[in-house]
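Residue-level structure breakdown
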Amino acid sequence: MLPPFDYFTYRRLRDYKRRERAARFASLPAEYHAPFTAIDKVIINKPIQELVDEVHAESVSPLDVLRTYGKVAVKAHEKTNCVTELLLPEAESWVQSEVNLQGPLAGIPVSLKDSLQIKGFDTTLGYTKYACKPYKEDGPMTKLLKDAGAVPYAKTALPVTLLSFESANALWGPCLNPHVPDYSPGGSTGGEGALLALGGRIGIGSDVAGSVRVPAAWSGIYSLRCSTGRWPKVGVHTSMAGQEGIPSVFSPMARTLNDLTYFTKAIVGMEPWKYDYTVHPIHWREKEEEEAQTKKLRIGLMTSDGVIPPTPAIARALSTTTAALVAAGHTVSEIKPPVTADPFTGLHLASQLLNSDGCVTFNSHLHSFEPSDPGADQLTRISNLPRPLRYLYYLWVRYIRRDVQWAKLIRTFGPKSAAELWKLTAQRESFRATWHAWWDGATQQYDFILCPVNATPALPHKAMHDAVSSCGYTFLWNLLDYTAGVLPVSHVDAKKDALPGPYKKVLKQLGADGALSRGAWKHYDATKMAGLPTAVQVVGRRWQEEKVLGYMVAVEAALDQYQDPLTGEGGRYPLIELD
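Every value quoted in this text rests on a predicted model; they were computed, and no experiment measured them.

**Concerning the overall build of the protein chain**
A tally of helices and strands in the protein chain yields 23 helices and 13 strands. Its C-alpha radius of gyration of 23 Å places the protein chain within 12% of the 25 Å reference for a compact globule of 579 residues. Taken along the three principal axes of its C-alpha coordinates, the protein chain extends 65 × 65 × 45 Å. Sorting the 579 residues of the protein chain into buried and exposed places 60% on the buried side. In the protein chain, the proportion of contacts linking residues at least 24 apart, taken out of those at least 6 apart, comes to 81%. When the accessible surface of the protein chain is split by element, carbon and sulfur atoms take 56% of a total near 21,900 Å². Side chains of the protein chain carry 62 positive and 59 negative charges; the gap between the two charge centres is 8 Å.

Following this line, the structure appears as structure tokens:
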């Protein structure tokens, strides 16, 4: 149907898919809706490797494991609206006929971002245009998982456009934070964050500007942003097919660090380059992982990206982690990024590369009047401004508002010609070369960089309207293609993390009273945010997945042993208790 009458198609498909999902949940056998038993809790809290060993030894049934996680999915969805496609009836059949129960993930249920291709199910990405178009075959990623013994059991929520730290769309509705429902679980892999925080096991998401790391931080779980070519990507869909200025990577997420490491190692051990031509044939380097866990580390600290300072709760998580590492005997020192390749220059460059089509592609999938993401709408409005009007807007922001950073982003944000894109790509390579040389310098030689994941804890629903550009702490490492992991530290405390005054006044005192900082900080309220997770980011160099996971183990060990000398309190983060 032609616009604008395809609006009615959008409404019809939305209502149909929601009814279909509700019917699938309602039709599950009664055991899936029953309370958790003592055996369920043992299964949920047992490390993956132990469960795999028990499945191999036939001392536990993979069907029992699947049904336990089916309960997790049901309860997590009731609380957060985190599931898009429920795979359980089919998953029971796959366990008995398609899944390799001798593999390294034998019998382990895995949840997947909605963008993964699974036979018999849609891959909508939150767009109604792709509803009711089930795939006839599994994608390579799904085939690899089944060959490894994993059992896909749920596809999870994401934002329409996949360019948001929220996870809402008109097709499925908003996904809620598992700790404080008025807030986002993060995005674009927010459904995974919510499900894993509420008892899920392992999952896969994608990351182009922080989309596995922000959900990990905002939901209180663990994730690893792999470098390009280390993790499979074929058979996974995106809203911006062909966009390679900042490649989207597909990466693991888990409820515990132990499981994240085991899962990552198991997938690499399956030799994914045999399933996906984009994967580099790099075998798992056990020695690098072990050395990273055991040696005394030299750590670079990036307290702020120079664009948006961390809010008090995030600053406290970072300072607690720093103190814990120093107490454990590691060396931590503030970094001085390269002058010609500072984080704001990176944000400016990355934003142009990512949206070089002028936001045309991710909007092309929408039916008429189908709501988009509030942050993506902001990007689209700026990109669609005629060049003369955008220049006048730039002049007003630059010389009247005196907001240099926001003005620079506005001036260059818009569709690029092929020649312009080539120049930007050349600048990207120069930026990467500068950082490579900087890290090799005698005064650096850091094992890893410790920094925030985002300037704020989880933000309220629809806050991306204001905070769409608050992504520099993650986007920088996408531009550089560095490996980066996230681990939870603590929770927001209403008293400890309160602002000392109105946010605009505090930002002015910090010298950061620009639109970018105000857009993120305006939603910061420690009282309302109390209980939300806080986290830190561990950044290594390109293709250092083994080392980064080892460094995360060292950071977590330091936090586990640390006690604040003034209060005697530890800094660690407890998992959500299962009902």
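**What to know about the UniProt feature "domain: Amidase" (unreviewed entry) in the protein chain**
In the numbering used here, UniProt assigns the feature "domain: Amidase" (unreviewed entry) to residues 64–549. Helix makes up 41% of residues 64–549 and strand 13%, with an end-to-end C-alpha separation of 30 Å.

**Structural notes on the UniProt feature "binding site: substrate" (unreviewed entry) in the protein chain**
Here the UniProt-annotated "binding site: substrate" (unreviewed entry) positions come out as L162, S188, V208, A209, G210 and S211. A maximum C-alpha distance of 10.8 Å places the annotated residues, which cover 50 residues in sequence, within one compact spot. When you line up the elements, L162 lands in the loop between β3 (151–156) and β4 (168–169). Given the relative accessible area of 8%, L162 is considered buried. With near-sequence residues (within four places) excluded, L162 lies in contact with K113, L125, S188, S206, S211 and S239. If near-sequence neighbours (up to four positions away) are discounted, G210 is found in contact with F165, G187, P215, T474 and N478.

**Regarding the side chain of S372**
By the element assignment, S372 lies in the loop between α13 (360–364) and α14 (374–384). Here S372 falls in the buried class, since its relative accessible area comes to 17%.

**Some points on helix α11 (residues 312–327)**
Because an α-helix packs 3.6 residues into every turn, residues spaced three or four apart end up facing the same way. The end-to-end C-alpha distance of α11, which contains 16 residues, comes to 22 Å, matching closely the 22 Å that a straight helix rising 1.5 Å per residue would cover. Residues P312, A313, I314, A317, L318, T320, T321, T322, A324 and L325 constitute the buried set of α11.

**Digging into the sheet that holds strand β2 (residues 109–113)**
As summarised here, the arrangement of the eleven strands in space is β1-β3-β2-β6-β8-β7-β12-β13-β11-β9-β10, forming an open sheet in which the pairing is mixed. Of all strands in the sheet, those with a lone pairing partner are β1 (83–86) and β10 (331–334), marking the two edges. Taking the axes of each pair of neighbouring strands and ignoring which way they run, one obtains an average angle of 30° across the sheet. Pairing of β1 with β3, which is carried by three bridges, proceeds in the antiparallel orientation. Considered in β3, the bridge of L86 is made with A154. Along the sheet, helix α23 (residues 545–561) makes contact with β7 (222–225), β11 (448–451), β12 (484–491) and β13 (533–539), crossing β12 at roughly 15°.

**A look at a nonpolar patch on the surface**
On the surface, a nonpolar cluster with roughly 360 Å² of combined accessible area is contributed by W396, Y399 and I400. Following the sequence through the fold, Y399 ends up in helix α15 (residues 387–400).

Scoring rules and cut-offs
Residues numbered from 1 in each chain as written. Predicted model: local features only at pLDDT ≥ 70, side-chain atom pairs only at ≥ 80, totals over all residues. Heavy atoms only, no water. Helix = DSSP H or I, 4+ residues; strand = E, 2+ residues; numbered from the N terminus. Rg over C-alpha atoms; globule rule 2.2 N^0.38 Å. Buried < 20%, exposed > 50% of the residue type's maximum accessible area, 1.4 Å probe, protein only. Contact = heavy atoms within 4.5 Å. Areas by Shrake-Rupley, 256 points an atom, 1.4 Å probe, with all protein chains shown as cover. Lys, Arg positive; Asp, Glu negative; His and termini not counted. Charge placed at Lys NZ, Arg CZ, Asp CG, Glu CD. UniProt positions renumbered as here; feature names shortened; annotations may be inferred. Expected span 1.5 Å × (residues − 1). Pairing = 2+ DSSP bridges. Axes fitted to C-alpha atoms, helices over the stretch in contact; angles between N-to-C directions. Patch = residues over 30% accessible without salt bridge, like charges linked within 9 Å, V, L, I, M, F, W, Y side chains within 5 Å. Salt bridge = Lys/Arg side-chain N within 4 Å of Asp/Glu carboxyl O.

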